[in-house]
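Survey of secondary and tertiary structure
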There are 2 protein chains.
Amino acid sequence: MSLVKKPVNGMKDILPSEMQIRDYVQGVIKDTYRSFGFTPIETPCMESIANLSNKQGGENEKLIFKVMKRGEKLNLETANTESDLVDFGMRYDLTVPLARFYANHANDLPSPFKALQMGNVWRADRPQRGRYRQFMQCDIDILGEPSNLAEIELILATTTTLGRLGFRKFEIRINERRILKAMAAYSGFAQESYDAVFIILDKMDKIGMEGVEAELKQEGFAQEAVQKYTDLFRGVKEAQDGISYLADVLGDHLEADVVSSMKEIAASVNACKTAEFELVFDPTLVRGMSYYTGTIFEIAMPEFGGSCGGGGRYDKMIGSFTGKDVPACGFSIGFERIILLLLESGFTIPKQPKKTAYLIEKGYPGEKLAEVIAKAQEARQQGQQVLVVRMNKNKKFQKEQLTKEGYEEFVEFFKR
Amino acid sequence: MSLVKKPVNGMKDILPSEMQIRDYVQGVIKDTYRSFGFTPIETPCMESIANLSNKQGGENEKLIFKVMKRGEKLNLETANTESDLVDFGMRYDLTVPLARFYANHANDLPSPFKALQMGNVWRADRPQRGRYRQFMQCDIDILGEPSNLAEIELILATTTTLGRLGFRKFEIRINERRILKAMAAYSGFAQESYDAVFIILDKMDKIGMEGVEAELKQEGFAQEAVQKYTDLFRGVKEAQDGISYLADVLGDHLEADVVSSMKEIAASVNACKTAEFELVFDPTLVRGMSYYTGTIFEIAMPEFGGSCGGGGRYDKMIGSFTGKDVPACGFSIGFERIILLLLESGFTIPKQPKKTAYLIEKGYPGEKLAEVIAKAQEARQQGQQVLVVRMNKNKKFQKEQLTKEGYEEFVEFFKR
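Cut-off values and rules
Residues numbered from 1 in each chain as written. Chains lettered and ligands numbered in written order. Predicted model: local features only at pLDDT ≥ 70, side-chain atom pairs only at ≥ 80, totals over all residues. Heavy atoms only, no water. Contact = heavy atoms within 4.5 Å. Salt bridge = Lys/Arg side-chain N within 4 Å of Asp/Glu carboxyl O. Helix = DSSP H or I, 4+ residues; strand = E, 2+ residues; numbered from the N terminus. Buried < 20%, exposed > 50% of the residue type's maximum accessible area, 1.4 Å probe, protein only. Axes fitted to C-alpha atoms, helices over the stretch in contact; angles between N-to-C directions. Parallel < 35°, antiparallel > 145°, perpendicular 65-115°, else oblique. Left-handed = near helix turned anticlockwise from the far one by under 90°.

Let us look at the interface of chain B and chain A. Facing 102 residues of chain B, the contacting portion of chain A comprises 102 residues. At the boundary of chain B and chain A, one finds 10 salt bridges. The residue Glu145(A) makes a salt bridge to Arg390(B) at a minimum N-O spacing of 3.9 Å. It is helix H13 (residues 366-381) of chain B that contributes the most residues to the side of chain B that touches chain A, 8 residues altogether.

Rendered as structure tokens:
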């Protein structure tokens with residue numbers, strides 16, 4: 001037999017100690033999001049390969065686990081390319097399936113539709129520490145709400161959840177694709193080079209302002225444009241109120257409703273937030289996905305370099321399924337990173353039920369077993385956790401192990 | 001664009017109304033099983049194809065969704081057979097992954113190990129009403145417990161869960177592979193024909209005793225053996241106590257500990273059960289999987305023809321990974337069937353939080369929005385569900401729709 005004991009390369013088994021925290025966190029997330037009126041949905045883990053290969057997913061489309069055709073549809077001899085052999089693929093995110101779901105069921109869904117999704121996604125990335133090829137995503141989305149009420153509710157729901165999980169002193173960074181564009185236009189970059197500019201801007205975290213400046217010049221952009229562009233970012237940094245500063249400087253390049261909407265979001269979030277965090281306008285925030293059309297945001301944790309989640313507005317994606325655009329905005333928590341942070345901080349679940357172990361000596365008469373179990377049943381009915389096990393020869397060691405699992409009380413039943 | 005709106009063939013999108021019931025049922029299952037000391041684990045949805053193709057899965061192995069190799073490992077030109085192109089497969093059950101998990105982590109796990117798994121499995125079956133190609137399974141297993149304490153706890157945990165979900169007047173049918181074999185041996189069937197006999201016996205539900213008798217004869221088995229065999233089943237049916245009857249008649253064909261163990265299980269379960277059900281000895285119960293070695297059991301619901309779950313003892317499977325056998329016993333709830341029964345019975349979730357919708361008129365001043373949301377935040381903190389949405393032009397229709405979603409109270413905010 002050549003059975004393989006390890007999980008498949010890049011994926012992991014989850015042991016009880018981690019699983020209990022994952023279940024608890026999922027519960028907090030679901031309860032909190034439900035209190036905001038988000039309703040759970042689920043889609044299959046597989047999608048038609050066409051839906052996963054339409055360029056919306058950017059780099060993720062190169063990382064798809066593909067599912068082979070079956071039965072008569074699979075014809076090895078006449079197959080010329082990979083695509084002749086494949087009909088489905090494992091989803092690489094929850095946003096594409098949500099857009100398909102909405103296109104398929106819009107008539108049966110309320111408007112606006114507030115969706116909550118928790119589910120696994122798969123990416124055949126190179127495995128590395130803390131990055132797995134199967135991982136949980138946790139998304140909320142509001143479909144059919146054009147106004148910034150969507151952004152406000154998404155940010156409040158997400159930050160309330162993080163607060164309930166004990167996170168504090170984190171940041172929500174916010175920006176707008178239209179601000180990104182207005183800053184590039186004002187500086188004199190040509191529209192077709194925006195994407196190239198933003199890819200360099202996105203490195204700000206790592207290489208700093210000087211690094212961005214150097215790379216832009218190296219890429220061959222006009223000295224003057226680069227100067228104007230970097231001056232803008234310096235100006236925002238020094239300004240009391242970054243948005244107002246940009247509104248003044250950018251003038252007609254920036255639509256007035258972008259400014260008022262960003263201010264409204266900040267005012268409402270700051271007035272209503274229940275968690276300890278800062279909403280920070282960050283004009284260097286880019287976010288990779290090409291489908292974003294308006295506001296974009298990201299969670300930054302002091303304990304964790306890099307983002308712990310993010311989202312934004314993508315008003316054009318549902319139209320790619322239906323031909324008719326529907327306003328859409330979503331926020332995704334980086335579930336695996338949240339779990340990693342909680343595990344590393346030695347997080348323990350509050351309010352656990354009392355855990356008792358009943359140890360039954362070997363040879364305990366079978367006809368008296370029922371009495372022991374009846375006693376356990378009674379305690380379980382009252383909400384306690386009761387483990388009924390045979391007593392091992394090395395009882396001391398057994399109790400030590402059970403204590404590590406959280407059992408605090410032991411009741412022993414001897415054969416006589 | 002050729003995007004596909006439907007989910008892939010044979011799999012389904014789950015809408016909020018069903019999803020809320022699924023989440024509730026999952027919660028009850030997890031809470032109840034935890035009170036019995038079962039701890040949750042999770043394995044990847046994909047397994048090495050070798051682990052899924054070792055004959056333990058029987059017919060299910062023909063139904064595997066296979067995952068294509070990626071990158072350099074995929075070589076279309078040199079591939080002769082399907083297996084050259086495939087490295088992983090989607091799991092078709094949770095038992096094979098559990099055995100692999102246990103083989104991989106036994107040193108880090110308590111003994112006995114009581115595992116709870118809830119997860120999707122995939123089978124490329126022909127789609128039909130109520131049978132999907134992706135579906136949830138919900139398994140509890142006790143590994144490392146040789147005595148019938150495992151069976152007793154599994155049956156009590158499963159039936160307590162079903163009782164909490166409102167099911168009553170169902171049956172748990174129980175049998176033993178060794179009783180099946182003893183009955184066949186006593187009747188004079190040759191050992192190598194047991195499987196063929198059991199396949200026919202398994203049809204009892206559908207074709208009745210006469211049908212089984214006819215098929216056995218048609219298959220060419222000796223008249224006398226068939227007569228002795230069917231007389232046994234008739235005898236059990238007429239007996240006060242089926243097990244004692246068989247113990248008397250079968251004599252040395254049946255090991256004494258099988259009889260006493262079955263009696264102990266019945267005594268303990270009947271003394272300690274919290275749900276309204278009957279434990280019924282059913283000598284015609286076969287269960288398909290070839291890995292069972294001892295007790296086998298099945299849930300039968302009056303509302304549902306066929307089984308709503310089942311399980312049994314499989315003491316040899318872990319040894320196929322490690323070379324060393326570990327006693328193992330499991331019980332699986334047919335999650336999708338349970339959900340179907342609850343949906344059809346018009347089940348509603350007990351103790352829902354109060355649901356209020358805030359309707360905000362179009363043109364409501366942005367600077368006053370924060371007050372509305374702050375009010376919502378306060379109610380949410382107190383455990384209520386508050387939906388904040390824009391007021392539609394057709395407010396009456398909007399309220400009707402929200403009422404259907406369970407919103408009972410409406411608060412309206414006008415622009416002046």
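A few words on the pattern of salt bridges. Residues and elements named next belong to chain B. Within the structure shown, the criterion is met by 64 salt bridges over all chains. Aspartate 231 is the salt-bridge partner of arginine 234, the closest N and O atoms lying 3.6 Å from each other. Here aspartate 231 and arginine 234 lie together in helix H8 (residues 223-238), a separation of 3 residues that amounts to about one turn. Using a relative accessible area of 28% as the deciding quantity, one classes arginine 234 as partly exposed. When its relative accessible area of 35% is taken as the criterion, aspartate 231 is described as partly exposed. Glutamate 412 is the partner of lysine 399 in a salt bridge, and the nearest nitrogen-oxygen pair spans 2.4 Å. You can see lysine 399 sitting in helix H14 (residues 395-404) and its partner glutamate 412 sitting in strand S14 (residues 409-413), a full 13 residues away along the chain. For lysine 399, a relative accessible area of 24% corresponds to the partly exposed category. For glutamate 412, a relative accessible area of 23% puts it in the partly exposed group.

All names here are of chain B. In terms of residue burial, helix H3 (residues 95-105) counts as a mostly covered element, since 11 of its 11 residues are buried. Listed in full, the buried residues belonging to H3 are Thr95, Val96, Pro97, Leu98, Ala99, Arg100, Phe101, Tyr102, Ala103, Asn104 and His105. Along its buried surface, H3 packs onto strand S2 (46-48), helix H2 (49-52), strand S5 (113-122), strand S6 (134-143) and helix H11 (319-322).

Moving on, we get to the packing of H8(B) against helix H9 (residues 242-250) of chain B. Residue and element names in this part refer to chain B. Interaxial distance between H8 and H9 falls to 8 Å at its minimum, and their mutual angle equals 140°. When the axes of H8 and H9 are compared, the pair comes out oblique. Crossing angle aside, the handedness with which H8 passes H9 is right-handed. Of the residues in H9, those in contact with Asp231, Leu232, Gly235 and Val236 of H8 are Gly242, Tyr245, Leu246, Val249 and Leu250.

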